[in-house]
Amino acid sequence: MEQETPTIDPRYLELMINPTNYGEMKEYDAKGLGKNKETGEMVVIYLKVDPKTQKITDIAWQTNGCGTTLVSGALFSEEYKGKTLQSGEEFTKAVFEKIKDNPPPDAACGEVVARAFMAALKDYEARARGEEREFVEYVTLSCPVPTGEDDAKNS
Amino acid sequence: MQKILEAKHTLWLELFFGAFTLEPSQKEILLDFAMIEYRHLKWIAKEIVKNGQDFDWSREEPKTQFADTKELLEYLAIKLAGMSYPEGPLFDRIRSDEEYMRFRLQRLAKESSQPISAFSKELCYEGLEAKSIQTLVQFLFEEIYKEYELILVYTYAQLYTNEARLGLIFEDLIYESFYHLKSFAHLAAKLGILFVPREVMKEVYKFERLSTFLQEGIEEERAAKEQCRALSQEIQDEELRKFFDFIDNQETYHIELMQEALEVTKR
């Protein structure tokens, strides 16, 4: 059989192997968890924030999620880094609007990252008030479990 | 001890994933050594728990980029020589194992050298068309990470359980995940997309309730079964189709084991 070249975006491939900003941050100013109750998928985001400018100077994140969550996390973290907390929040709200039209699994994967960021913002505000607790935001969009039947229909 | 654990964790992964870049007889030797390193890792973690402390699965960044197999084998031999441990029967055993491994690796490095293609991202698999390769790549990316995650989660859980039945179930699931990890890494190396899975977040293995973890795990196993079934339907290659049917059926028994574990937690 003649070998065709697979249509996998090289950038996508690279992000799957080496996701940007991936890892744990030991000393952080804010930490947030995004969770999908249906799938058990989680994203944790850590932020370092400049207290004067409110700019996100560093970001780290981790997930137990699928490939789409991994790529979303890498791309979103690149967006967040260097933004102020307020523009990060605006970006996230725009994401919530945009992803509604995505196919359900992709939408839920993007949402879990965005939810983790919103939880981190709440944590930052709580720390400013002297409170310390874990902030978790839950995914609202559905991520259906893949079935062989659906894949057969799509192929 | 946590620092030793991190170095050991990295060494285990370097030996394990390094194995898939080698010719078959050398590969088997490295895989055996990787399994010994995993056992060391578990024994050190057990010591930490026995002393009333906790540990985590942090690690150093594993090195995977080498010019050829000689450079890889020499690197691993040097790495083994640089490991440092406290005194005691466990560490005497570890030192002795690693001295022998270093000797064998140095010998292997002198045998022959091949260029490394497992990380080339060539995405070439004889007999498979582009669409199947794409599906297979996606599957391997997710499942290689997942099997590694499961090995760490079950090992952690096993070290903290006093329930013998649960311990045995976790042991079985660890063996199973090792076999899957090995099989998937072999396919990934053939495709040129071998990679060391990313670090597992603490929230995954330091869970609050074992029953919730098991319930979510059962759902994940069901999803993995469906993915295997879809792959088996989509891929034309007979050997791969049979392989994914075989993995699919293994997942069925994993669900049984996890349900049994769930029953034990309810007692």
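To be clear, the structure that these remarks concern was listed above.
**Student:** Sorry if this is basic, but what is going on with the overall build of chain A here?
**Tutor:** Looking only at helices and strands, chain A has five helices and four strands in total. Reading chain A from its N end, one meets helices and strands in the order α-β-β-β-α-α-α-β-α. Partitioning the contacts of chain A with sequence separation of at least 6, the portion at a separation of at least 24 is 62%. Of the roughly 7,900 Å² of accessible surface on chain A, 49% is carried by carbon and sulfur atoms.

**Student:** What is the right way to read the packing of aromatic side chains from this model?
**Tutor:** Each aromatic ring pair is described using two quantities: the centre-to-centre distance and the angle formed by the ring planes. All names here are of chain B. Tallied over the entire structure, the rule returns 30 aromatic pairs over all chains. Relative to Y148, the ring of W12 has its centre 6.1 Å away and its plane inclined at 40 degrees; by these criteria the two rings are tilted. Of the two residues, W12 sits in helix 1 (residues 2–19) while Y148 sits in helix 5 (residues 130–160), which places them 136 residues apart along the sequence. Classification of W12 by relative accessible area gives buried; the value is 1%.

**Student:** Sorry if this is basic, but what is going on with the sheet that holds strand 2 (residues 42–49) of chain A here?
**Tutor:** Strand pairs in the sheet, formed through backbone hydrogen bonds, run parallel or antiparallel to each other. Residues and elements named next belong to chain A. One open sheet accounts for four strands, arranged 3-2-1-4; its pairing is mixed. Two strands in the sheet have a free side with no partner beyond their single neighbour: strand 3 (56–63) and strand 4 (136–138). Direction aside, neighbouring strands of the sheet carry axes that sit 20 degrees apart on average. Judged from the three bridges that link them, strand 1 (residues 30–35) and strand 4 form a sheet pairing that is parallel. Across the sheet, G34 pairs through a bridge with E137, a residue of strand 4. Its contacts with the sheet place helix 2 (residues 67–80) against strand 2 and strand 3, and it is angled at close to 175 degrees to strand 3.

**Student:** Just checking my understanding: could you explain the pairing of strand 2 of chain A for this structure?
**Tutor:** Looking along a regular strand, one sees side chains alternate from face to face of the sheet. Residues and elements named next belong to chain A. With seven of eight residues buried, strand 2 is to be regarded as a mostly interior element. Across six bridges, strand 1 lies against strand 2 in antiparallel orientation. Across the sheet, residue G32 finds its bridge partner in strand 2, namely I45. Linking strand 1 to strand 2, which pair antiparallel, is a turn of six residues; within it G40 sits at a positive phi near 80 degrees. In this structure, strand 2 lies alongside strand 3, joined through seven bridges in antiparallel fashion.

**Student:** Help me understand the pattern of salt bridges, please; the structure alone is not making it clear to me.
**Tutor:** In a structure, side chains of opposite charge can pair up when their charged atoms sit close to one another. Overall, the coordinates contain 33 salt bridges over all chains when judged by the stated rule. Measuring nitrogen to oxygen at the nearest pair gives 3.4 Å for the salt bridge that ties B:K131 to B:E234. Here B:K131 is found in helix 5, whereas its partner B:E234 is found in helix 8 (residues 210–234), with 103 residues between them in sequence. Relative accessible area serves as the criterion here: at 45%, B:K131 is assigned to the partly exposed category. Classification of B:E234 as buried rests on a relative accessible area of 17%. Within the structure, one salt-bridge network assembled from shared partners comprises A:E111, A:R115, A:K122 and A:E137.

**Student:** Explain the environment of A:K122 to me, please; I cannot follow it from the model alone.
**Tutor:** All names here are of chain A. Relative to the assigned elements, K122 resides in helix 4 (residues 104–128). C-alpha separation for the pair K122 and N102, spaced 20 residues apart in sequence, amounts to 26 Å. For K122, the contacting residues outside a window of four places in its chain are F135 and E137.

**Student:** How should the interface of chain B and chain A be read in this particular structure?
**Tutor:** One frequently used descriptor of interface size is the decrease in accessible area upon assembly of the parts. At the interface, 34 residues of chain B touch 36 residues of chain A. For the chain B face of the interface with chain A, the top three residues by lost area are B:R198, B:M201 and B:E203, together amounting to 21%. For the pair chain B and chain A, the interface holds two salt bridges. At the boundary of chain B with chain A, the tally comes to eight residue pairs in polar contact (both at pLDDT 80 or more). Among the elements of the structure, helix 5, helix 7 (202–205) and helix 8 of chain B are those that each provide at least two residues to the side of chain B that touches chain A. Per-element accounting of the side of chain B that touches chain A gives the leading share, ten residues, to helix 5 of chain B. In terms of residue class, the side of chain B that touches chain A is built from 15 nonpolar, six polar and 13 charged.

The rules we used
Residue numbers run consecutively from 1 along every chain, following the written order of its sequence. Each chain is given a letter, starting from A, and each ligand a number, starting from 1, according to the order in which they appear as written. With the structure being a predicted model, the display of local features is reserved for residues of pLDDT at least 70 and the display and counting of side-chain atom pairs for 80 or more, all residues being used for whole-chain, interface and lining totals. Excluding hydrogens and water, the side-chain figures rest on all heavy atoms present in the structure. Secondary structure follows DSSP: runs of H or I at least 4 residues long count as helices, runs of E at least 2 residues long count as strands, and numbering of each begins at the N terminus. In this description, contact between two residues means that some pair of their heavy atoms is separated by no more than 4.5 Å. Only the protein chains shown count as cover for residues, with accessible areas throughout obtained via the Shrake-Rupley method and a probe of 1.4 Å. Any two of the Phe, Tyr and Trp rings considered here, Trp counted by its six-membered ring, make a pair once their centres fall within 6.5 Å; the pair's planes then place it as stacked at under 30 degrees, edge-to-face at over 60, or tilted in between. Type-normalised accessible area, obtained with a 1.4 Å probe on protein chains alone, sets the label of each residue: buried when under 20%, exposed when over 50%, and partly exposed for intermediate values. Any two strands with at least two DSSP bridges between them are considered paired. Axis geometry follows a simple rule: fit a line to the C-alpha atoms, using only the stretch in contact for helices, then measure angles between N-to-C directions, giving values from 0 to 180 degrees. Here, a salt bridge means any Lys or Arg side-chain nitrogen found within 4 Å of an Asp or Glu carboxyl oxygen. We define buried area as the total accessible area lost by two parts upon association, computed with a 1.4 Å probe and summed across both. Any pair of nitrogen or oxygen atoms within 3.5 Å is treated as a polar contact; in protein, a donor-acceptor pairing is required on top of that, and neighbouring residues in sequence qualify only through side-chain atoms on both sides. Ten residue types, Ala, Val, Leu, Ile, Met, Phe, Trp, Tyr, Cys and Pro, are classed as nonpolar, four, Asp, Glu, Lys and Arg, as charged, and the remainder, Gly among them, as polar.

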